[in-house]
Amino acid sequence: MNEEIRAAPYSNTDKAETQAVDTFKKLLNHEKVKADIKERDKYPNIDGYVELVNGNRSPIGKLEVQIRTLPENGDKHKLQCPISLISYSEASTCNPVLLIGVDVNHNKSFWIHVNNSLISELHTEDQKTITITFKKENIIDNNSSYIEDWKKITESYKKKIKEYDKLKDSYKNLSEKSNPALRIVKDDFIKIHFFLDSFNSLLENEFLIIKKRFYPNSWKVGLAYYRFEDNMIHYALYPISTNKNDVQIKEVNEGLHRELEKEGLGFTAHFAENPIKSNPKGYALEIVEAQMLRLLKNRLLKHDVSEFLAKEFIFGFIDRFHQQMGLDKKDAFNINEIEYAFYKYLPIWMDEAIKFLIKNQRNGIKNYSDCLYRKPYFDPDMLISQIMDNERKQVEEKVKERITQNDSIPRIPIGNGRFPLKIFEEMFLFLKSREIKDINRVYSPKDYSRLKDGSGWIWNTFSPDAVKNNLRIFFDSLPKVYSELMSHNFPEIKEKLLLFKGISKVMIKFDVKEEYKSFQDSPKIQFFYLSDGSKDGLEVEIYEEGENEEVPEISHENFKKEVKTNGKKYKLISMSTGILDFIYDDLPMFNFIYKILEENLKSYFNSIKSD
């Protein structure tokens with residue numbers, strides 16, 4: 001978000017909105033929701049929280065709320081949402097935030113999940129509020145459907161902070177048992193302070209996404225060291241919570257060091273040098289780069305900003321798991337049937353598939369844990385691959401029977417390396433927040449009937465026309481999707497991570513065939529990167545080989561002379577030739593952007609290091 005958009009300051013007023021709060025509380029199902037609301041306006045951003053509980057009244061999810069009175073006149077479903085509340089929801093809390101609109105006169109309350117996806121393209125930097133519209137189905141009433149929606153939101157947030165949750169007990173142990181190194185004077189602390197200042201500055205500015213993903217709800221990151229010598233260091237980084245007064249440097253004795261390592265808090269050791277002493281600023285940058293590459297590897301960017309990317313991912317996911325979700329393969333889905341398939345059908349199918357494998361002792365499976373395959377989740381790919389086609393009908397009938405009986409949804413950890421479920425959920429909730437009712441396929445689908453004569457080449461699943469259509473859709477959408485992701489994840493350095501830096505025009509030629517019989521017979525693609533010295537924006541042109549006679553022939557010889565096309569002169573900056581493979585991916589845009597971004601970030605880090 002823009003640097004000047006900050007969480008709201010504390011108010012000087014203490015005006016009560018007792019009626020709105022009372023109305024909201026009365027409408028809640030108090031058997032399933034426990035509310036703690038402050039009936040005054042002294043607290044910034046939120047008025048309190050609601051906690052979801054199960055049948056045993058044990059907490060299962062927490063959401064923070066801000067309560068506003070809906071206008072008596074005009075549209076009773078519209079309200080001004082402060083940008084500061086969105087900023088707070090993204091940067092200052094690990095809990096989901098709800099904006100509650102209360103119609104006191106008609107005894108009604110509505111809710112909306114507050115996050116960055118509420119900000120439309122029309123929002124400008126000087127705006128302090130945006131107009132949001134409460135969906136009529138997001139009503140808080142006796143049917144309690146809102147509770148299921150809130151559960152899904154809290155589950156999504158739990159997955160987002162999983163990395164932090166794994167280590168929070170170790171962080172607590174570290175905070176309570178380590179020596180805070182107060183009132184100790186050491187020259188070494190000068191270097192540590194330089195290191196921590198540089199590291200935290202990067203996390204709070206250019207790479208805020210790292211802080212959100214790896215150190216959520218933290219004020220700063222501190223350093224705990226076990227050994228700190230001229231040529232040796234043994235240390236761990238730890239988050240300092242926003243609500244705790246703590247120090248940034250701690251000493252760890254041998255016993256605590258062993259205890260923390262057993263708990264999973266990894267200590268980093270250097271035995272030939274101490275990079276914090278020799279180059280504190282450079283070492284901070286080195287760690288940030290490593291964390292950034294790790295974040296990219298695990299696909300941990302925030303994706304809830306691009307409709308195109310969301311639709312691509314959702315269709316790739318459904319194409320892969322349509323049987324496990326009880327869906328047919330088709331080119332359009334209603335958002336309600338996707339929600340039903342993902343949140344209800346899929347977990348019940350997983351449960352029945354596991355039971356089927358155990359009952360038949362398939363491949364030696366005797367209990368639930370045998371289906372984990374050394375992973376912390378059950379993989380729908382691994383399960384269905386062990387169930388024969390004629391047996392899948394049995395599982396399907398069991399699932400339908402349980403749904404008819406309104407069985408409770410089983411709590412099963414579900415995951416897949418190629419299609420992370422947390423990303424699917426992020427994409428789905430983003431489209432739902434945009435009030436999109438129908439989701440259409442963005443590319444021409446693969447046609448597996450074209451794999452005749454036993455040919456297994458994936459290139460044969462597309463006709464030449466389908467490839468041409470998909471490439472045009474892809475490159476027409478690429479600049480906008482890439483720009484949206486950069487603005488969302490790297491707002492301070494987006495101009496340094498341009499898609500094709502310094503390029504005015506990209507000319508793309510591709511060569512495809514009706515049928516492929518060998519690897520050597522693969523589809524080809526050429527990229528020509530041209531510049532006319534202007535900053536008018538990026539232009540992308542794509543041609544099939546031999547399609548347009550006016551397209552100039554370009555080769556390495558053009559590095560020595562100008563290229564003329566469409567009446568303009570360009571300088572050839574670079575060119576590349578390779579196999580056209582990315583468009584055959586299940587997630588072509590998603591994977592392509594991560595690859596380009598990794599290259600651009602490596603170049604960015606190298607430029608900083610050279611400076």
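Everything discussed here concerns the structure shown above.
Draft legend 1. Inspection of the overall build of the protein at higher detail. Along the backbone of the protein there are 17 helices and 18 strands. For the protein, the residues scored as buried account for 49% of the 611 residues in total. Long-range contacts, defined here as pairs at least 24 residues apart, represent 73% of the contacts in the protein between residues at least 6 apart. Here the protein has roughly 31000 Å² of accessible surface; of this, 47% comes from carbon and sulfur atoms.

Draft legend 2. How the structure looks around the packing of aromatic side chains. Under the counting rule described, the total for this entry stands at 38 aromatic pairs. Ring centres of F313 and F419 lie 6.1 Å apart, and the angle between their planes is 70 degrees; this geometry places the pair in the edge-to-face category. Separated by 106 residues along the polypeptide, F313 in helix α11 (residues 307-321) and F419 in the loop between α14 (389-404) and α15 (421-433) bring together distant segments of the chain. When its relative accessible area of 0% is taken as the criterion, F313 is described as buried.

Draft legend 3. Here's a closer look at the pattern of salt bridges. One pass over the full model with this rule turns up 35 salt bridges. Across the pair R392 and D389 runs a salt bridge whose closest N-O atoms are separated by 3.3 Å. Residue R392 and its partner D389 are located together in helix α14, separated by 3 residues, close to a single helical turn. Salt-bridge contacts for K393 lead to E396; the nearest nitrogen and oxygen are separated by 3.8 Å. A residue pair is termed a helical-turn pair when its members lie 3 or 4 positions apart in one helix, as K393 and E396 do in helix α14 at 3 residues. A relative accessible area of 47% places K393 in the partly exposed class. What emerges from the salt-bridge pattern is a single network uniting D351, E352, K355, R402 and D407.

Draft legend 4. Highlighting helix α1 (residues 18-27). Within the span of α1, buried status applies to A20, V21, T23, F24 and L27. Projection of α1 onto a plane perpendicular to its axis shows the buried side chains occupying an angular sector of 160 degrees, all on one side. Residues of α1 that are exposed and point over 90 degrees away from its buried face: Q19 and K26.

Draft legend 5. Structural detail: the sheet that holds strand β14 (residues 505-511). As summarised here, the arrangement of the 5 strands in space is β16-β14-β15-β18-β17, forming an open sheet in which the pairing is mixed. Edge positions in the sheet fall to β16 (539-544) and β17 (563-565), since each has one partner strand and no second. Along the sheet, successive strands turn relative to each other by an average axial angle of 35 degrees, direction set aside. Bridge count between β14 and β16: 6 bridges; the pairing is parallel. Counted as the bridge partner of K505 is E539 from β16. The sheet strands contacting helix α16 (residues 464-489) are β14, β15 (524-531) and β16, and the helix crosses β16 at an angle near 170 degrees.

Draft legend 6. Representation of the sheet that holds strand β5 (residues 97-103) within the structure. Read across the sheet, 5 strands follow the order β1-β2-β3-β5-β6 without closing on themselves; strand pairing throughout is mixed. If you trace the sheet from one side to the other, it starts and ends with β1 (33-37) and β6 (108-114), each paired once. Sheet twist, expressed as the mean angle between neighbouring strand axes with direction ignored, is 30 degrees. Bridge analysis of strand β2 (residues 48-53) against strand β3 (residues 59-69) gives 6 bridges, and the strand direction is antiparallel. Directly across from Y49, in β3, lies its bridge partner E64. Relative to the sheet, α1 contacts β1, β2, β3, β5 and β6, its axis offset from that of β6 by approximately 90 degrees.

Draft legend 7. Fine view of the packing of helix α12 (residues 335-359) against α14. Running from N to C, α12 and α14 point in directions that differ by 125 degrees, and their axes come no closer than 9 Å. The pairing of α12 with α14 is recorded here as oblique in orientation. As for how α12 packs across α14, the hand of that crossing is right-handed. In contact with Y340, K344, Y345, I348, W349, D351, E352, A353, K355 and F356 of α12, α14 contributes E391, Q394, V395, E396, K398, V399, R402 and I403. When grouped by side-chain class, the residues that make up the contact of α12 with α14 number 9 nonpolar, 1 polar and 8 charged.

Draft legend 8. A look at the side chain of N200. Position of N200 among the secondary structure elements: in helix α6 (residues 188-204). Classification of N200 as buried rests on a relative accessible area of 3%. When residues no more than four places from it in sequence are discounted, the contact partners of N200 are K220, V221 and Q248.

Draft legend 9. Layout of the packing of α12 against α15. The geometry of α12 relative to α15 is characterised by a closest axis approach of 11 Å and an angle of 150 degrees between their N-to-C directions. With respect to their mutual orientation, α12 and α15 come out roughly antiparallel. Crossing angle aside, the handedness with which α12 passes α15 is left-handed. Seen from α12, the contacting residues are I335, I338, E339, F342, Y343 and L346; seen from α15, they are L421, F424, E425, F428, L429, L431 and K432. Classifying every residue of the contact of α12 with α15 by side-chain character gives 10 nonpolar, no polar and 3 charged.

Draft legend 10. The arrangement of the environment of Q526 in detail. Here Q526 lies in strand β15. A relative accessible area of 22% places Q526 in the partly exposed class. Between the alpha carbons of Q526 and S576 there is a distance of 5.7 Å; along the sequence they are 50 residues apart. If sequence neighbours within four positions are ignored, Q526 has contacts with M507, I508, K509, E545, S576 and T577. Among the polar contacts made by the side chain of Q526, one reaches the side chain of T577 at a distance of 3.4 Å.

Criteria and thresholds
- Residues numbered from 1 in each chain as written.
- Predicted model: local features only at pLDDT ≥ 70, side-chain atom pairs only at ≥ 80, totals over all residues.
- Heavy atoms only, no water.
- Helix = DSSP H or I, 4+ residues; strand = E, 2+ residues; numbered from the N terminus.
- Buried < 20%, exposed > 50% of the residue type's maximum accessible area, 1.4 Å probe, protein only.
- Contact = heavy atoms within 4.5 Å.
- Areas by Shrake-Rupley, 256 points an atom, 1.4 Å probe, with all protein chains shown as cover.
- Phe/Tyr/Trp six-rings, centres within 6.5 Å; stacked < 30°, edge-to-face > 60°.
- Salt bridge = Lys/Arg side-chain N within 4 Å of Asp/Glu carboxyl O.
- Arc of directions from axis to C-beta.
- Pairing = 2+ DSSP bridges.
- Axes fitted to C-alpha atoms, helices over the stretch in contact; angles between N-to-C directions.
- Parallel < 35°, antiparallel > 145°, perpendicular 65-115°, else oblique.
- Left-handed = near helix turned anticlockwise from the far one by under 90°.
- Nonpolar A, V, L, I, M, F, W, Y, C, P; charged D, E, K, R; others polar.
- Polar contact = N/O pair within 3.5 Å; in protein donor to acceptor, adjacent residues only side chain to side chain.

This is a description of form; function is not addressed.
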